[in-house]
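Structural characterization, general
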Amino acid sequence: MAVAAARLKVLLHHLQHPGVGFTAVPTSGEVQARPCPGKLHYTLEDGILSPQQRQFYEENGFLLIKNLVSEENLDLFRDEFEKICRKEFHVPGLMVMRDVAISKSEFASDQRAVSKIQDFQENETLFKYCCLPEILRYVESFTGPNIMAMHTMLINKPPDEGKKTSRHPMHQDLHYFPFRPPDRIVCSWTAMERVERSNGCLVVLPGTHKSTLKQHVYPEWEGGVNKMYHGVQDYDPTHPRVHLVMEKGDTVFFHPLLIHGSGLNVTQGFRKAISCHYASADCYYIDVKGTTQENIEQEVINIGRSKYGLDSSVTMADIWSFKGRLVQGQRTSL
């Protein structure tokens, strides 16, 4: 019973997860789809993707779909986010995150200090995003028909306060996930307004999804780094980069091993995006002890013990098993 109670606490106080970030640099040009020899294994045949789209994702690890989510839905999500910032109601399990620079400023209690909310699975309005048919029909091409929504975020990247804390280190999302296989996991990330380099658009390193999971640690940045913003240490800084300029409603799907980030927001506005990480319900949990992910698990557990009195037996797998929600098909392993 003690363990069960502790695990229920995890539902309310669980893992903080980074969004995106890194200082943008010029790209070498648009990435083109090239024929993929042999079996295609990052995508599935029984899906909506065209052969050209499958080849592009297989080669590059991401796929941008224009004008996928309606303006009506995005405005609904924006209104709900603002209500949450005004504390008009309580959402169980919701994590409200504040930028490390703004949280120490005069705006610390203002909604402008909220840089991200995540784990909104208990909010019916925001969770609607994870269940949109127009999203799931693409997700199925990566996960198969049994789909779990595992991690949810609405990102409100703030104007940079001069300390460069609005950027996010280059990273692989799989660092935070104790479930496998990675090829049956995908993120959908939708722009809630025009996203460009000036307000910190996503930057991706095409083809890096073919690599293994790398060691992640906190970058040594002046000005501070937000909690849980771990970054990849050994990647090729000369690797070609693509900056994803997106209009409102555009959605990018990407692999959890793709190295990606985003840069500074040098505008006076907030850059909003909404996202969900999906996984096949047939995925399985792993023990991350003795792996490159042990540092993030230990950090999460230590925070849980010191702040919330969580049982020492709680693992990252326990945390994620509470967070996952079935959105299509049948729940099996996860």
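Residues numbered from 1 in each chain as written. Predicted model: local features only at pLDDT ≥ 70, side-chain atom pairs only at ≥ 80, totals over all residues. Heavy atoms only, no water.

As annotated in an unreviewed UniProt entry, the protein chain carries the name Phytanoyl-CoA dioxygenase, peroxisomal and comes from Callorhinchus milii. What the UniProt record of the protein chain gives under Sequence similarities (unreviewed entry) is the line "Belongs to the PhyH family." What UniProt states about the protein chain under its Pathway (unreviewed entry) heading is, verbatim, "Lipid metabolism; fatty acid metabolism." (UniProt positions renumbered as here; feature names shortened; annotations may be inferred.)

Before going further, it helps to spend a moment on the confidence of the model for the protein chain. Mean pLDDT for the protein chain: 83, with 80% of residues reaching 70 or above. Every residue in residues 105-109 scores below 50 in pLDDT, and together they form seven contacts with partners more than four places removed in sequence or on other chains. (pLDDT = per-residue confidence, 0-100. Contact = heavy atoms within 4.5 Å.)

Note on placement: Arg54 falls in helix α2 (residues 51-60). Apart from residues lying up to four places away in sequence, Arg54 is in contact with Leu40, Thr43, Leu44, Glu45 and Leu49. (Helix = DSSP H or I, 4+ residues; strand = E, 2+ residues; numbered from the N terminus.)

Right, let's get into the pattern of salt bridges. Going through the model one piece at a time under the given rule, you end up with eleven salt bridges. In this structure, the salt-bridge partner of Asp250 is Lys66, at a minimum N-O distance of 2.6 Å. Placement of the pair is Asp250 in the loop between β11 (242-243) and β12 (251-254) and Lys66 in the loop between β1 (62-65) and α3 (71-85), with a sequence separation of 184 residues. When its relative accessible area of 2% is taken as the criterion, Asp250 is described as buried. The shortest N-O distance in the salt bridge between Asp119 and Lys323 comes to 3.4 Å. (Salt bridge = Lys/Arg side-chain N within 4 Å of Asp/Glu carboxyl O. Buried < 20%, exposed > 50% of the residue type's maximum accessible area, 1.4 Å probe, protein only.)

Before going further, it helps to examine α2. Buried within α2 are the following residues: Arg54, Phe56, Tyr57, Glu58, Glu59 and Asn60. Where the residues of α2 are buried, they touch β1, α5 (133-143), β7 (185-191) and β12. One or two steps after α2, the chain reaches Gly61, where phi turns positive at roughly 85°.

This part covers the packing of aromatic side chains. Evaluation of the coordinates by the stated rule reveals nine aromatic pairs. Aromatic side chains Tyr57 and Phe142 sit 4.5 Å apart centroid to centroid with 45° between the ring planes, which places their arrangement in the tilted category. A residue pair is termed long-range when its members are at least 10 positions apart, and Tyr57 in helix α2 and Phe142 in helix α5 qualify at 85 residues. Accessibility classification places Tyr57 together with Phe142 in one group, the buried group. (Phe/Tyr/Trp six-rings, centres within 6.5 Å; stacked < 30°, edge-to-face > 60°.)

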